Amino acid sequence: MRFLVVLFSLISISVFGQNVGIGLDSLPTEKLEVNGIIFSRQGGVKFPDGTVQTTAYIPGGGTMMETGLSGLVMEFAQGPNINVSGPAMASMITNGLNLSSVQEGVGIGVSTQGGTLSSSAPSLSEITVTRASDYNSAAIRNLVQKAVTVPYIEVFYLRMLPNGTHVINHISRFENCLLSGYSISSGGDTPSESISFAFLKACHRSYKRDAAGAQLSFIDTCYDISNPSSNCTCTF
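Since this is a predicted model, take the numbers as computed values, not measurements. (Residues numbered from 1 in each chain as written. Predicted model: local features only at pLDDT ≥ 70, side-chain atom pairs only at ≥ 80, totals over all residues. Heavy atoms only, no water.)

## Topic: the state of the cysteines
Part 1 of the reasoning: The full count for this structure, using the stated rule, is 1 disulfide.
Part 2 of the reasoning: In this model C222 forms its disulfide with C232; the gap between the sulfur atoms is 1.7 Å. With C222 in strand β19 (residues 215-224) and C232 in the segment after β19, the pair connects residues that are 10 residues apart, well separated along the chain. (Disulfide = S-S within 2.5 Å. Helix = DSSP H or I, 4+ residues; strand = E, 2+ residues; numbered from the N terminus.)

Here's what the structure looks like:
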């Protein structure tokens, strides 16, 4: 068994069997063990399954996926006067924007009449998202100022798998949207912006997956505010 320690100034490199250590005070226990930061100038890190990860984290952006997107992503439909774009991810996300948070929901009014409960029609709230400001900020602000109708806005709730790839757990699709509010704030670091929008139709899909991320089934739900009695269907 070989053991070699080479000292160059304040840098120590040790070889023990087939293990190599850099900057260690003891023998290396892995193929490569480093006491310090590992810096890849280009190319990123390649994993045993062949995938390459070039980015690990964006402040405020959540867990980073293999294409530079976080676990919470919003996508705008493309069209006239809509110039919002971001990284692509597989076939379902072609212009994804990282989100820090999203708030959406549905509620009904409930009352008691003659000892029974009755409900009102569903009330779907406006959507509010927050994100780190970037080169899309002016384009998003412009959509509010000019009251541009966006054919659809989709929100993807993603899950990272151990091999660095992703699966989609939930999708929310909002159609015939108008951005109703935009604000930006900063405490001296990267500005954060809040975006609100209203819509006429909401579609939601939730996937059931096994532990490895394979799709087993999914459930859709849809509501058309402009025509509540219609047999609403979802297109994803």
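Back to the text.
## Points about the packing of aromatic side chains
Part 1 of the reasoning: Here the structure, examined in full by the defined rule, presents 3 aromatic pairs.
Part 2 of the reasoning: Note on F174 and F199: the rings are 4.8 Å apart at their centroids and 50° apart in plane angle, and the pair reads as tilted. Of this pair, F174 sits in strand β16 (residues 166-185) while F199 sits in the loop between β17 (192-198) and β18 (201-209), and the two are 25 residues apart along the sequence.
Part 3 of the reasoning: F174 gets classed as buried once you look at its relative accessible area, which sits at 1%.
Part 4 of the reasoning: Owing to a relative accessible area of 8%, F199 belongs among the buried residues under this scheme. (Phe/Tyr/Trp six-rings, centres within 6.5 Å; stacked < 30°, edge-to-face > 60°. Buried < 20%, exposed > 50% of the residue type's maximum accessible area, 1.4 Å probe, protein only.)

## Things to note about helix α1 (residues 137-145)
Part 1 of the reasoning: Along α1, the residues classified as buried are S137, I140 and L143. Down the axis of α1, the sector holding all buried residues measures 120°, keeping them to one side. For α1, exposure combined with an orientation more than 90 degrees from the buried face picks out A138 and Q145.
Part 2 of the reasoning: Each element contacted by the buried residues of α1 is listed here: β7 (72-76), β8 (96-98), β14 (127-132), β15 (149-160), β16 and β17.
Part 3 of the reasoning: A147 lies just past α1 and shows a positive phi near 50°. (Arc of directions from axis to C-beta. Contact = heavy atoms within 4.5 Å.)

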